[in-house]
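Residue-level structure breakdown
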Amino acid sequence: MTALTTANPRSVLTHAVYLRRSPLVNGESTGWVFDPALRCEQISYRKGPNPGRAIIKPIVLPSGGSHRPTDLASIQLILANYACDYQVKVEVQPLDGEPVIAFEGVLMRAEVFAERLDAASDREDGTLIATAMPVLDNTLSDHLISGRWIVDATPAVWVIESPGVPAVFNVDGKPNMAPSNSTRITAAGLETLTALAFNFWGDNDSVGTWWTPREAIRTLLTFWLYGTTSGGGEALSRTCCVSGELMEILADTAGADDIWDARLPETNVHGLGVLDALHAVCRNAGLEMALMPDLRSEAEVDETEDRLYRLYIYPRNKGRLNTLKLQRRPLMDDITPEASLQQNDISRVRLLRDSLRTVSQVHARGLSLIEASFKLKPMWDPDDLAADSDSTDANQMQGDPDKSGLTYSARHVQGGADYDAYQHVGRLWGIDCTGDFSAHGYPEAAALYYHDPDGFDFVNYLLLDAANAIADERTALGITDAIAWCRRLRLPHPIRRPDGSLKGIDWVLEVSEDSGSSWTKIDLQFSVAREMFAIMLTGAEIANLAAVNAATFGTKAEPALADSWWTKILGKTLLFRLTCCIEADHAARYDATISAASGSAYERGKLLVSDIAEYWAAPGSINALTSASGYVKLNHRGIIAPTSAGVSYVTNLRHQAELMRSSWEQIPIAGIAATWVMDLGKWRLLDRITSIVGRDIQLGTNADTTSGGGGSGGGGGAAVAGMTIELNQAGQLITLELEDQRYTEGA
């Protein structure tokens, strides 16, 4: 940026407003026209994807003015002469040197006001609001991410290949980037980003690779700078360039911070403009972005490029170092006000430092799901069984119409008079995970149908003890506490094994007619209960449980009554088994402990509940991937090594925890500093103000403030999150908003 300086800091800078009365089309313009009837009162910028805005007012000319008839009031000036989509440019004139372009944008909004109560109170006013030019880079159709893309090498342009498939980086925490680099896209006449652009790949494909922040940003920038097929392979007119620092980081050989090459958490950019998409990636990756004008002179601007803004991206709180200058008052007492101003670059400052909301430790907890084959027990009250003499009457039980009014047929055969109230009997099977059912369930003497009064039947099925792969992985991760279970509501979840997903299988149901000695897979319709670990058999084939068994299921044949499911229910030898996932209590976890950069010496904690999950298959599951000897760990592709360095759920959980800690661990420093408008260009968004020169004040944000924690050694300092430039002659100044990172685009 060009720094504007002057020998007289009290001098007022002049400026000029130019209009281009038709939008830029295909790199051609109608030319800029100076408009003496307008003045710019304020230009403002903020970090993030918002490019900034300018507030412009009409000038009321005295009688005889040559540019506007004196009988036209402000409301008429604006509505009759300034249309939306006009482009506007503000040039600021320093005392020395050429004017520089401090703002270029598009008129987006006009606000007018008129009031006449009497002859003495006749008021009219109007305001034009222009948004900086990069707003077009976020809203034009060829910048809209409307699906997954590929890069066609002949010519090298973007093609939206799958408009119906959401553009999501690493969907569901799984890699979906093309395994090989695509064509380098370059274009003449631009500050070229000569970098590889990457394509999307299919989800759940073993060939796909992980998107990293570097690759996602590089690809989005290429999409941004070079457009889609609407550009015909040529560079489209863009309003923004990439900063030199960012160009180096994105280069293939850059030695950047690890944050650039970490796995990008799932990031949905579907339907976003390119700037919003870049911001979404930055937020998820621990980065921050800002757009700032280049402050170039007219002679330095190529009219065909129209690229007056520059994009900056840094790891959070690691922007360019900067300072404020405010000498102590005793040193200023014997010098002139002008000399005093020359020795200070701020006229006032107000700061707030508050450690109350500092979080120095983040305890991240995810999910642990175990796939197993669970034996299901009756979830109906034994007293609901038809117990009178007709319950064993073979004629009425197997559908004799003359017996339809008897108890069994009325209660337990579909269509019976009392079927709605008793249909769950023989059909509702599950596990009592809360210990509530045993009080009115089968007695302990009926061991096969008995529910544990503590609700821990399922724990016995899982066989979790110290000698299994789950315990081994926990030990490798430094988790030494014992696996424990609590009595709580649990629900069956669909299986996660790859062969099941490929076949569209969410559950596997089996039946045993010999008390669990042998099992037969059965294609019986059922529904999953919402508030208990249970299934309800719903198939039409079991309208009468006394007329079906495994051998005759799905046929019209009827078994002997003694072999029917109803008789086996009465004899307590019928069981069902469901292969599904259950949520465990030994959740995936990672503790981001206090670091040297913490803003407080106290271990202030925060719990992060994440949906990142690990998946295990238990011994005894019918999953073809499991072995009989122990647990195996699954991902979407198959078995993975549990304790390998690439334990993906721990990697992602750690990233979330450390990102939250880095966002909250520093002392929040917020404030406002007002500086001279002549210093335009001395500061920019994302700068870290590390100290106040002349007052020996270090704005470090770690606990050891005496060591200058905000210096060049690491993060810290009060970040410039917003800038407001006042250009009205009554009081020109620049206001820097120094805001805590957490409250402006923070995590």
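Refer to the structure printed above.
Quantities reported herein were computed from a predicted structural model and do not represent experimental measurements.

Right, let's get into the overall build of the protein chain. Within the protein chain one finds 14 helices and 32 strands. Evaluated residue by residue, the protein chain yields a buried proportion of 51% over its 747 residues.

Here we take up the pairing of strand β18 (residues 428-431). A regular strand places its side chains on the two faces of the sheet in alternate fashion. Burial along β18 is two-sided: the residues Leu428 and Gly430 and Trp429 and Ile431 are all buried. For strand β17 (residues 361-378) and β18, the ladder comprises 2 bridges, and the chain directions are antiparallel. When the bridges of β18 are listed, lysine 377 appears paired with glycine 430. Strand direction decides the pairing type here: β18 and strand β22 (residues 533-537), joined by 4 bridges, are antiparallel. Residue pairing across strands places isoleucine 431 opposite phenylalanine 533, the latter belonging to β22.

Once that is clear, we can look at the nonpolar core. Ranked by internal contacts, the top residues of the largest apolar core, which has 52 residues, are Ile43, Phe103, Leu324 and Leu736. When neighbours within four sequence positions are excluded, isoleucine 43 is seen to be in contact with Arg53, Ala54, Val90, Ala102, Phe103, Met723, Thr724, Ile725 and Leu727. One finds Ile370, Tyr408, Ala446 and Trp565 within the second-largest nonpolar core, a separate group that totals 49 residues.

Looking at the element boundaries, serine 600 is found in the loop between β24 (589-592) and β25 (605-617). What makes serine 600 buried here is its relative accessible area of 5%. Polar side-chain contacts of serine 600 include one of 3.2 Å to the backbone nitrogen of tyrosine 602. Among the polar contacts listed, one links the side chain of serine 600 to the side chain of arginine 604, at a separation of 3.3 Å.

A separate point is the packing of aromatic side chains. Applying the stated criterion to the full structure yields 14 aromatic pairs. Centroid distance phenylalanine 169 to phenylalanine 200: 5.4 Å. Interplanar angle 15°. Geometry classified as stacked. Of this pair, phenylalanine 169 sits in strand β10 (residues 168-169) while phenylalanine 200 sits in the loop between β10 and α3 (213-226), and the two are 31 residues apart along the sequence. Assessed through its relative accessible area of 0%, phenylalanine 169 is described here as buried.

Once that is clear, we can look at the environment of tryptophan 616. Inspection of the secondary structure puts tryptophan 616 in strand β25. Sequence separation between tryptophan 616 and leucine 634 is 18 residues; the distance between their C-alpha atoms is 5.8 Å. There is a polar contact of 2.7 Å between the side chain of tryptophan 616 and the side chain of glutamate 614.

Turning next to helix α11 (residues 469-476). An α-helix turns once per 3.6 residues; consequently, residues spaced three or four apart project the same way. Residues of α11 that are buried: Ala469, Ile470, Ala471, Glu473 and Arg474. Looking at the residues trailing α11, positive phi occurs at glycine 478, about 80°.

A separate point is unusual backbone geometry. Residues other than glycine seldom take positive phi values, yet serine 515 does so here, at roughly 65°. For serine 515, the location among the structural elements is in the loop between β19 (508-512) and β20 (520-521). Relative accessible area serves as the criterion here: at 34%, serine 515 is assigned to the partly exposed category. A positive phi angle is found at lysine 572, which is not glycine, with a value near 60°. The topology assignment puts lysine 572 in the loop between α13 (565-570) and β23 (575-583). What makes lysine 572 partly exposed here is its relative accessible area of 30%.

Taken as a whole and assessed by the stated rule, the structure comprises 15 salt bridges. Among the salt bridges present, the one from lysine 377 reaches aspartate 457, with a minimum N-O distance of 3.3 Å. With lysine 377 in strand β17 and aspartate 457 in helix α10 (residues 457-462), the pair connects residues that are 80 residues apart, well separated along the chain. A residue is classified by how much of its surface remains accessible, and lysine 377, at 10% relative accessible area, is buried. By relative accessible area, aspartate 457 is classed as buried at 9%. Salt-bridge contacts for aspartate 585 lead to arginine 490; the nearest nitrogen and oxygen are separated by 2.7 Å. Of the two residues, aspartate 585 is situated in the loop between β23 and β24 and arginine 490 in the loop between α11 and α12 (498-502); the sequence distance between them amounts to 95 residues. Relative accessible area serves as the criterion here: at 24%, aspartate 585 is assigned to the partly exposed category. The network of salt bridges with shared partners includes Arg488, Arg490, Glu583 and Asp585.

Cut-off values and rules
Residues take numbers from 1 onward in each chain, read along the sequence in its written order. Reporting in this predicted model follows two pLDDT cut-offs: at least 70 for local features of residues, and 80 or more for side-chain atom pairs to be given and counted; totals over whole chains, interfaces and linings ignore these cut-offs and use all residues. Just so you know, side-chain values use all the structure's heavy atoms and leave hydrogens and water out. Counting from the N terminus, the helices are DSSP H or I runs at least four residues long and the strands are E runs at least two residues long. Partly exposed residues are those whose accessible area sits between 20% and 50% of the maximum for their type, while under 20% is buried and over 50% is exposed, using a 1.4 Å probe and protein chains only. A pair of strands is treated as paired once DSSP finds two or more bridges between them. By nonpolar core we mean a set of buried residues, namely Ala, Val, Leu, Ile, Met, Phe, Trp, Tyr and Cys, connected to one another through side-chain atoms within 4.5 Å. Note on contacts: a residue pair is in contact if any heavy atoms of the two residues lie within 4.5 Å. Polar contact is the term for a pair of N or O atoms within 3.5 Å; when the atoms are in protein, one must be able to donate a hydrogen and the other to accept it, and sequence-neighboring residues count only if both atoms are side-chain atoms. In summary, the pairing rule links any two rings of Phe, Tyr or Trp, Trp by its six-membered ring, whose centres are within 6.5 Å, and it sorts them by plane angle into stacked for under 30 degrees, edge-to-face for over 60 and tilted for everything else. Salt bridge criterion: a side-chain nitrogen from Lys or Arg within 4 Å of a carboxyl oxygen from Asp or Glu.

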